[in-house]
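# Examining the three-dimensional arrangement
Residue strings, one per chain:
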Amino acid sequence: MLRNRYLKEVYQGTAERNRGETEFLQAVLEVFLSLEPYVERHPELEAHGIMERLVEPERMVTFRVTWEDDRGRVHVNRGYRVQFSSAIGPYKGGLRFHPSVNASIIKFLGFEQIFKNSLTSLSLGGAKGGADFDPKGRSDGEVMRFCKAFMTELHRHIGANCDVPAGDIGVGGREIGYLFGQYKRLCNNFTGVLTGKGLHYGGSLTRKEATGYGLIYFVEEMLRCLGHETVFGKTLVVSGSGNVAIYAVEKATRLGGRVVAMSDSGGYILDENGIQLDVVKAIKEEERGRISDYARRVPGSRYVEGCRGIWSVPCAIALPCATQNELDLAAARTLVDNGVIAVGEGANMPCTAEAAAYFQEHRVLFAPAKAANAGGVAASGLEMSQNAMRASWSFEQVEEKLRDIMVHIFQISQEAAAGCGRPGDLITGANVAGFVKVAEAMLSEGLY
Ligand code: NDP
Ligand code: 2IT
């Protein structure tokens, strides 16, 4: 529970004004709990209304997206963009296309993005967007028509120096291409208005791999500094089998780890010999199929129905890389009983607050999402730099910068945790380190 009077008051006001927005309130409470020691020492934050301003988006738009399916039937979806904070740079954050998308989910993601983007040390504000559109089972033509209809509304709110969207769940290279094409057509302007673009039209090498690779760099640094361990020789379980999960598995395997389980929303696969990633890539990236196919193709592996059961698979390192609140207290207990030593959040807020607290109480090394998955947006920031310079850097150049950024995020988070009297608590560390820069910028810029 919050003890600081100012934070408590602002949280209560936020809860009243955003009733029923459980994910958003969960994200706000986590940040506020971390900031208590800092806020106690900085009365100027209350004097300038910093916290009440931070929890209210600078701007939020919702819009109707009307499109036609292959049979000529008309569909209506709801589109969103929340421009949460421009204190330290242009709004930046992904777009999520998933049937569960609502205002609460977009606001939780946009709020997290403020601090995550600050941690990267790049000049990026916080934003998020998306739609309650389900791309599953849709043809390329349907996805294209949806993306074009979505951008027809969104284009007036974004720009290369104003707001730069990217991918998230359900939005990958294909969708970014269609969105970019429509922006260019409407604005008659070839500009770096989206990141995660294809390599032939302004994309950056390493962006596709960046979130997963960055997660492993962060976890490796955490293991080295706090546990005197490495990924080498460890058993890993990685939930999800999308962009983040696939490239986390690729890097972990290259570093000598053995990944024995992956999942999608239907269930999980188990392969004690180590997941064959080329098979997963073929199923997910090329065929857009289901993970259950893996068990039909790889002898000795098996498929288990239901995605939540994946946390009962014994492992030393658990990497939730699918979605919010996918790992609850019961799952955390099972992982601890089975001897987990480290948890790295590849997804945004994948562990419930109770699960995260349980890991920390049981001395499991815990890498919180806004630090551990910042590699994706960091590489997006590097894509923006290359676009602005009309340059393109090599894979090795971008990867080296990405690695340096992830190691730096670990270091500043660790230092901030120690500075707050909570050494090793990277949840506190990441929240404080991300917050301080944003708060100082807001203090400098005057009221808005
Ligand atoms: P993808 O769409 O590529 O993959 C998502 C994966 O998670 C799929 O395997 C999907 O299964 C599974 N999944 C999605 N929703 C649910 C659900 N409600 N229940 C169970 N499983 C689910 O998305 P990404 O890999 O890009 O994103 C994964 C997570 O990482 C998200 O939390 C995202 O916000 C976060 N993230 C992404 C970044 C990026 O650069 N892409 C950067 C930082 C964080 P199925 O196919 O069956 O739906
Ligand atoms: O959650 C995230 O950080 C992302 N989906 C990536 C955002 C980006 O702008 O690259």
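Described below are features of the structure shown in this document. (Residues numbered from 1 in each chain as written. Chains lettered and ligands numbered in written order. Predicted model: local features only at pLDDT ≥ 70, side-chain atom pairs only at ≥ 80, totals over all residues. Heavy atoms only, no water.)

### A few points about the overall build of the protein
Quick reminder of the rule: Secondary structure elements are defined from DSSP: runs of H or I of at least 4 residues count as helices, runs of E of at least 2 residues count as strands, and each element is numbered from the N terminus. Exposure categories follow from relative accessible area, calculated using a 1.4 Å probe and restricted to protein chains: below 20% of the type maximum is buried, above 50% is exposed, and the middle band is partly exposed. Here, two residues are considered to be in contact whenever any of their heavy atoms come within 4.5 Å of each other. For the area figures, the Shrake-Rupley method with a 1.4 Å probe applies, and any residue is considered shielded solely by the protein chains shown.
Tallying secondary structure elements over the protein gives 17 helices and twelve strands in all. The C-alpha extent of the protein, read off along each of the three principal axes, is 60 × 55 × 45 Å. The buried share of the protein, taken over its 448 residues, is 58%. Taking the contacts inside the protein whose residues are at least 6 apart along the sequence as the reference set, 72% of them involve residues at least 24 apart. Taken as a whole, the protein presents about 17,800 Å² of accessible surface, with 49% of it coming from carbon and sulfur.

### Observations concerning the site of ligand 1
For clarity, the threshold we go by: When at least one non-hydrogen atom of a residue lies within 4 Å of a molecule or strand, that residue is treated as near it. What qualifies as a polar contact is a pair of N or O atoms within 3.5 Å, subject to a donor-acceptor requirement within protein and to the restriction that residues adjacent in sequence count only when both atoms come from side chains.
For ligand 1, the set of nearby residues contains 26 residues, the closest of which are D168, T211, S265, R290 and N348. Here an oxygen atom of ligand 1 and a backbone polar atom of A322 are 3.4 Å apart.

### What about the site of ligand 2?
Of all residues adjacent to ligand 2, which total 14 residues, the nearest are K92, Q113, K116, D168 and S380. At 3.0 Å, a side-chain N or O of Q113 approaches an oxygen atom of ligand 2. K128 places a polar side-chain atom, nitrogen or oxygen, 3.0 Å from an oxygen atom of ligand 2. For ligand 2, whose free accessible area comes to 290 Å², the fraction covered by protein is 94%. Elements supplying a minimum of two residues to the shell around ligand 2: β3 (91–97), α5 (103–119) and α15 (375–389).

### Considerations on the packing of aromatic side chains
Note the cut-off: Pairs were defined over the aromatic rings of Phe, Tyr and Trp, the Trp ring being its six-membered one, requiring ring centres within 6.5 Å. Orientation was assigned from the angle between planes: stacked under 30 degrees, edge-to-face over 60, tilted for the rest. Remark: a charge is flagged as sitting over a ring if the NZ atom of Lys or the CZ atom of Arg is within 6 Å of the ring centre and within 35 degrees of the ring normal.
Per the stated rule, a full pass over the model turns up 18 aromatic pairs. Pairing F24 with F111 gives two aromatic rings, centres 6.0 Å apart and planes at 85 degrees, and the pair type is edge-to-face. Here F24 is found in helix α2 (residues 22–41), whereas its partner F111 is found in helix α5, with 87 residues between them in sequence. There is no split in this pair, since F24 and F111 are both buried. Centre to centre, the rings of W67 and F133 are 5.2 Å apart; their planes meet at 90 degrees, and the pair counts as edge-to-face. Here W67 is found in strand β1 (residues 59–68), whereas its partner F133 is found in the loop between β4 (126–131) and α6 (140–154), with 66 residues between them in sequence. No difference in accessibility class separates W67 from F133, as the two residues are buried. One Lys or Arg, R53, reaches over the ring of Y448 and ends 5.6 Å from the middle of that ring. Looking at R403, its charged tip hangs above the ring of Y217, at a distance of 5.5 Å from the centre.

### Looking at the pairing of strand β6 (residues 235–239)
Basically, it comes down to this: The definition of a right-handed crossover adopted here requires that, viewed with the strands pointing away, the path from the first strand over the helix to the second runs clockwise. Only when DSSP finds a minimum of two bridges between them are two strands counted as paired.
Here β6 lies mainly inside the structure; five of its five residues are buried. Across the two faces of β6 the burial is the same, with T235, V237 and S239 and L236 and V238 all buried. In this region the chain leaves β6, passes through helix α9 (residues 243–254) and returns to the parallel neighbour strand β7 (residues 258–263); the handedness of that crossover is right-handed. The sheet contact formed by β6 and strand β10 (residues 317–320) spans four bridges and is parallel. Among the inter-strand pairings, L236 is bridged to a residue of β10, identified as I317.

### Concerning the sheet that holds strand β2 (residues 74–85)
Our working rule: Where helices are involved, their axes are fitted lines through C-alpha atoms of the stretch in contact, as for all axes, and angles between N-to-C directions lie from 0 to 180°.
Judged by pairing direction, the sheet is mixed, and its five strands sit side by side in the order β1-β2-β4-β3-β5 without closing on themselves. If you trace the sheet from one side to the other, it starts and ends with β1 and β5 (163–166), each paired once. Recorded for the sheet is a direction-independent mean angle of 20 degrees between the axes of neighbouring strands. Judged from the ten bridges that link them, β1 and β2 form a sheet pairing that is antiparallel. Within β2, the position partnered with E68 by the bridge is V74. Along the sheet face, α6 touches β1, β2, β3, β4 and β5 and points at about 145 degrees away from the line of β1.

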